[in-house]
Amino acid sequence: MATTISWKTDRQGFKTPTPHFTSNYFYNDIIVVSIDPEGNIDWASMVPKSQHTTDDEGIYSSYAVEVKSDKVYLIFNDSGKNLFVQPGDKIDPFELTGKDALVALATVDGDGNVTREALFSPEKGDVILRPKHCVELSNENMFVYVSRKNDYRFRGEAWGDGDVFALLVHEA
């Protein structure tokens, strides 16, 4: 698996005594490749995504991955407009403050077919994923770290679709 990551830092206020720097983080498509035991490529699939955030060190960007049997599960923040995207369709960028932001689950099966769905139900639609803090607990479970708004007061709540579980950080 691979993804494209880039960032750039812009300096603003060239003529002021205290310039301001802005860092932009871009995390884009994910490529999944199946290689047979002889080293030949069986198939390659692309999971399109477009993530751009500013001054957050990319904490809400990237993806978490879980491999189980012949399936690869990819979890990432996305625009809800991309749930039913077809090959060749334009991808809407994920916006951290966008009202259509959601946590997406893309499944790549053993033949390279990709399906997408919302990981959480609509009433949990205001959660945001921190993919770099997700951890594979075993071959059967994954800890998925999500938060709500800007409140970090912990109250554990486990729910899941199959074997993907999350700890939700509740708002006040």
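Structural notes, computed from the coordinates. (Residues numbered from 1 in each chain as written. Predicted model: local features only at pLDDT ≥ 70, side-chain atom pairs only at ≥ 80, totals over all residues. Heavy atoms only, no water.)

## Quick word on the nonpolar core
So, point 1. By size, the foremost hydrophobic cluster in this structure holds 13 residues, and its most contacted members are Ile-30, Val-32, Val-47, Leu-74, Phe-76 and Val-108.
So, point 2. Among the elements of the structure, strand S2 (20-35), strand S3 (41-47), strand S6 (71-79) and strand S7 (101-108) are those that each provide at least two residues to this core.
So, point 3. No other element matches S7, which puts four residues into this core.
So, point 4. When neighbours within four sequence positions are excluded, Val-47 is seen to be in contact with Asp-29, Ile-30, Leu-74, Phe-76, Ala-106, Val-108, Val-114 and Arg-116.
So, point 5. Judged by nonpolar contacts, the second largest core, of 12 residues, contains Leu-105, Val-127, Leu-129 and Val-146. (Core = buried A, V, L, I, M, F, W, Y, C linked by side-chain atoms within 4.5 Å. Buried < 20%, exposed > 50% of the residue type's maximum accessible area, 1.4 Å probe, protein only. Helix = DSSP H or I, 4+ residues; strand = E, 2+ residues; numbered from the N terminus. Contact = heavy atoms within 4.5 Å.)

## Brief notes about the layout of surface pockets
So, point 1. In this model, the second largest pocket occupies a volume close to 280 Å³.
So, point 2. A total of three residues in the lining of the second largest pocket trace back to one element, the largest contributor, which is strand S8 (residues 114-118).
So, point 3. Across the lining of the second largest pocket, the residue classes break down as eight nonpolar, three polar and two charged. (1 Å grid on protein atoms, 1.4 Å probe; cavity = no way out; pocket = protein on both sides within 12 Å on 5 of 7 lines; lining within 4 Å. Points joined across faces, edges and corners; volume = space filled by probe spheres on them. Nonpolar A, V, L, I, M, F, W, Y, C, P; charged D, E, K, R; others polar.)

## Some thoughts on unusual backbone geometry
So, point 1. One non-glycine residue, Ser-62, lies in the positive phi region at around 85°.
So, point 2. Position of Ser-62 among the secondary structure elements: in the loop between strand S4 (51-54) and strand S5 (64-68).
So, point 3. Residue class for Ser-62 comes out buried when judged on its relative accessible area of 11%.
So, point 4. The backbone of Ser-69 sits at a positive phi, close to 55°, despite the residue not being glycine.
So, point 5. With respect to the helices, strands and loops of the structure, Ser-69 is situated in the loop between S5 and S6.
So, point 6. When its relative accessible area of 76% is taken as the criterion, Ser-69 is described as exposed.

## Considering the pairing of S8
So, point 1. Judged from the five bridges that link them, S7 and S8 form a sheet pairing that is antiparallel. The partner of Val-108 across the bridge, within S8, is Val-114.
So, point 2. If you look at the hairpin formed by S7 and S8, you'll find five residues sitting between the two strands, and Gly-112 has a positive phi there, around 90°. (Pairing = 2+ DSSP bridges.)

Scope: geometric values only; no functional claims are made or implied.
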